[in-house]
Structure formats: C-alpha cells, structure tokens
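Residue strings, one per chain:
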Amino acid sequence: SRQEFVDMVAIAATSTPMAVYKTGFWADHWTYYLDLIKSYLSIFPDGEEGLMFDTALPYFFSPASVQPRSKKYVENLSYRGDRDHIQQLDATVLDPQKREYMEQFIAE
C-alpha cells in the first residue's frame with residue numbers, strides 16, 4: 001500500500017541539515033527551536049532530561065558571521081528622497097575562520 005511504502009521510506013531516511021548561505025542570517029532559528037522545545041515539554045513534561053541530554057538536535061553551522069552594528073548600518077536618503085533614514089546593508093559576511101573549521105570538520 002501507499003502508506004506502507006511511505007513508512008518504509010521514513011524508516012530508511014536520515015536527516016541531514018543542509019543549507020546554502022546567500023545574503024541572510026537565520027538567527028530566528030534558535031527562537032524557533034525554543035518554541036518547539038516548550039511545546040514538546042508542555043505535552044511531555046517528564047521528557048525534559050532526555051530531550052536535553054539524550055537527544056541530538058541537528059543544526060546548520062553557517063560559514064557567515066553577523067557584522068558589528070558599526071559596519072552594517074548606514075544613514076542615507078529615504079526612497080522618496082525627502083529625509084534621511086537608517087538602512088541595514090551587508091549585515092553578514094563570509095567568515096574565513098568558520099569556513100576553515102567547517103572544511104576541517106568535513107575532512108575528519
């Protein structure tokens with residue numbers, strides 16, 4: 001049956017966190033994880049210790065870093081050109097140290 005096939009695929013599948021860095025930085029993923037943990041614990045309050053110490057949570061180790069505020073915010077004219085406003089530009093940059101760490105980790 002179709003359900004048996006889906007069940008077999010799900011049993012054989014493995015989770016591999018994977019992403020491609022472009023221009024964004026998904027800092028909200030940590031908040032999302034916390035929301036999921038809170039929801040899980042509201043249903044399974046006795047599962048906290050096992051969740052915290054016995055469960056591996058996958059994550060994406062980004063090769064990028066967030067720039068300090070002094071480098072990512074600029075003041076310029078608004079789109080209408082009638083006033084100044086603050087814009088965030090180039091908030092993230094590729095981090096050579098993080099990239100090197102990732103490459104060493106993958107090579108092991």
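Residues numbered from 1 in each chain as written. Predicted model: local features only at pLDDT ≥ 70, side-chain atom pairs only at ≥ 80, totals over all residues. Heavy atoms only, no water.

1. Quick notes on the overall build of the chain
Spelled out, the test is: Here a strand is any run of E in DSSP of at least two residues, a helix any run of H or I of at least four, and the numbering for each starts at the N terminus. Here's how the labels work: a residue is buried when its accessible area is under 20% of the maximum for its type, exposed when over 50%, partly exposed in between, all with a 1.4 Å probe on protein chains only. In what follows, residue pairs with any heavy atoms lying within 4.5 Å of each other are defined as contacts. The Shrake-Rupley method, run with a 1.4 Å probe sphere, supplies the accessible areas, and residue values consider only the shown protein chains as cover.
Along its length, the chain carries five helices and four strands. Looking at the chain as a whole, 17% of its 108 residues qualify as buried. Partitioning the intrachain contacts of the chain with sequence separation of at least 6 by distance along the chain shows that 57% fall at a separation of at least 24. Element-wise, carbon and sulfur atoms account for 58% of the exposed surface of the chain, whose accessible area totals about 9800 Å².

2. So, the packing of aromatic side chains
The condition that has to hold: Note on aromatic contacts: the rings of Phe and Tyr and the six-membered ring of Trp form a pair at centre separations within 6.5 Å, being stacked when their planes are under 30 degrees apart, edge-to-face when over 60 apart, and tilted otherwise.
For the coordinates displayed, the defined rule picks out one aromatic pair. Summarising the aromatic geometry, the rings of Y40 and F44 are spaced 5.0 Å apart at their centres and angled 40 degrees between planes, so their arrangement reads as tilted. A residue is classified by how much of its surface remains accessible, and Y40, at 33% relative accessible area, is partly exposed. Residue class for F44 comes out partly exposed when judged on its relative accessible area of 46%.

3. As for a nonpolar patch on the surface
Quick reminder of the rule: Residues enter patches when their relative accessible area tops 30% and they take part in no salt bridge; the joining distance is 9 Å for like charges and 5 Å for the nonpolar side chains Val, Leu, Ile, Met, Phe, Trp and Tyr. Put simply, a salt bridge is a Lys or Arg side-chain nitrogen that is within 4 Å of an Asp or Glu carboxyl oxygen.
A surface patch of nonpolar side chains, amounting to about 450 Å² of accessible area, comprises F61, Y101, F105 and I106. Examined against the element boundaries, I106 turns out to sit in helix α5 (residues 96-107). Owing to a relative accessible area of 64%, I106 belongs among the exposed residues under this scheme.

4. Focus: the pattern of salt bridges
All chains considered together, the criterion is met by two salt bridges. In this structure, the salt-bridge partner of R80 is D82, at a minimum N-O distance of 3.6 Å. Two residues, R99 and E103, come together in a salt bridge whose shortest N-O distance is 3.6 Å. Within this pair, R99 and its partner E103 are both found in helix α5, separated by four residues, close to a single helical turn. The class for E103 is partly exposed, based on a relative accessible area of 48%.

5. A word on α5
Counted only if it meets this: Helix span, as expected, comes to 1.5 Å for every residue beyond the first. Polar contact criterion, stated in full: a pair of N or O atoms within 3.5 Å, where within protein one must be able to donate a hydrogen and the other to accept it, and residues adjacent in sequence count only if both atoms are side-chain atoms.
An ideal rise of 1.5 Å per residue puts 16 Å on twelve residues; α5 measures up with 16 Å between its terminal C-alpha atoms. Among the residues of α5, the N-terminal cap falls to D95, whose side-chain oxygen and the backbone nitrogen of Q97 are separated by 3.0 Å.

6. Some details on the pairing of strand β3 (residues 84-88)
Note the threshold: If DSSP finds at least two bridges between two strands, the strands pair.
Of the two faces of β3, only the one carrying H85 and Q87 is buried; D84, I86 and Q88 on the other face are not. In this sheet, β3 lies alongside strand β2 (residues 73-77) in antiparallel orientation, the contact comprising five bridges. Pairing of E75 across the sheet is with I86, part of β3. Taking the residues between adjacent antiparallel strands as the criterion, β2 and β3 are bridged by six residues, where G81 takes a positive phi near 80 degrees.

7. Things to note about the side chain of H85
Tracing the backbone shows H85 in strand β3. Taking relative accessible area as the criterion, H85 reaches 18% and is therefore assigned buried. A polar side-chain atom of H85 sits 3.3 Å from the main-chain carbonyl oxygen of L77. When near neighbours in sequence (up to four residues on either side) are disregarded, H85 contacts V74, E75, N76, L77, S78 and Y79.

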